[in-house]
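The chain contents come next:
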Amino acid sequence: MKRKYAWLVSLIALVAALPLRIFQQLVLVDETTGFFTDHNVTAIWISVLLAIGVVCPAVVCRLEKDIPEAPGFFRSIPIGILYVVTAVILAIDSLRKIFQVTSGEEEALVAGMAAIAPHPLLYSVLAVLGLAAALILVLGGFSRIVGIYFLRSAPVAELVPPLWCCMSLIVLFVKFTEVINTTENVYQMAGVIFLLLFLSAQAKLSAGIETQRNTRLVFAWGLPAVTVGLVTSVPDLIVPLTGLERYSDIWSDSLVLMSFSLLVLAYLVSVHKKLENQL
């Protein structure tokens, strides 16, 4: 089973890169300049590990030809709960952005959300799409909890979360042209890109479109989404907890990315078990 090797590579990359990046963010960042004090040695190692953890699973899973077709929809109470939790976190993050946009530039700066101040329209659209995506996630979560696919008559609604990801990429691109640390920019954008690809493949799988192809794609894009998402979000959440000001303005974004990463991981584990039972 080629897919088992993809899981193994993803696990090794995650276990190796995550502690290294946590150490890097806590110890090796100059708080004055924002640059790394080790001449980017750890950044290179983390980037290499992530590259391996992204490319290998993506290639291996896409080349797996004898993969059974995964069920488009299945009941799972734990996954349904994760859907709802992720939706709540996304909704809170979106409401927070709306509040900061409507509060004005000065209040946004005081609240530590300086990026919102010069781009109120972009963040408003992102927040509205985030609320819509949260609603779809709630419906998807309750569908899996009760075992009834509420979106069966309107499968196009599954494309709302990917649409939110697209808007997130636009906002990240605009935001990251204004900051210095390009390595962190690449990690965050890569995490959202793979999440977008996964959600798109999952939406097609749920709708019964090219089920075998999209079964391969949910693993090909989902495993990299988990690896990059956790390596990016977890350190960004740990740093503010230590009292450092760095990343204090993006904790909700990081929490959203971590929640999605855990949701994707739980979904892939469940689908993997179902495919194994078919062999």
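The following refers to the structure shown. (Residues numbered from 1 in each chain as written. Predicted model: local features only at pLDDT ≥ 70, side-chain atom pairs only at ≥ 80, totals over all residues. Heavy atoms only, no water.)

Let's talk about the packing of aromatic side chains
Put simply, the rule reads: Stacked, edge-to-face and tilted labels apply to pairs of Phe, Tyr and Trp rings (six-membered ring for Trp) whose centres lie within 6.5 Å, assigned for plane angles under 30 degrees, over 60, and everything in between, in that order. Secondary structure elements are taken from DSSP: a helix is a run of H or I of four residues or more, a strand is a run of E of two residues or more, and numbering for both begins at the N terminus. Throughout this description, buried means an accessible area under 20% of the type-specific maximum (1.4 Å probe, protein chains only), exposed means over 50%, and partly exposed covers the range between. The criterion is that NZ of a Lys, or CZ of an Arg, lies within 6 Å of the ring centre and within 35 degrees of the ring normal, and then a charge sits over that ring.
Taken as a whole and assessed by the stated rule, the structure comprises 6 aromatic pairs. When the centroid spacing of 5.1 Å and the interplanar angle of 20° are considered together, the rings of Phe73 and Tyr149 count as stacked. Residue Phe73 is found in the loop between helix 2 (41-63) and helix 3 (77-103), and its partner Tyr149 is found in the loop between helix 5 (120-146) and helix 6 (160-176); the two are separated by 76 residues along the sequence. Both rings, one in Phe194 and one in Trp221, keep their centres 6.3 Å apart while their planes meet at 35°; by these two values the pair is tilted. In this pair, Phe194 sits in helix 7 (residues 182-206) while Trp221 sits in helix 8 (residues 211-241), placing the two residues 27 residues apart along the sequence. Both residues of the pair, Phe194 and Trp221, belong to the buried class. Here the aromatic cluster, defined as three or more aromatic residues joined through ring pairs, consists of Phe74, Phe198 and Tyr267. Positioned over the ring face of Phe219 is Arg3, at 5.3 Å from the centre of the ring.

A few points about the state of the cysteines
Formally: Here, the term disulfide refers to a pair of cysteine sulfur atoms separated by no more than 2.5 Å.
Counted under the stated rule, the structure contains 0 disulfides. Here Cys166 is not disulfide-linked; the sulfur of Cys165 is the nearest cysteine sulfur, at 7.1 Å. The exposure class assigned to Cys166 is partly exposed, which follows from its relative accessible area of 34%.

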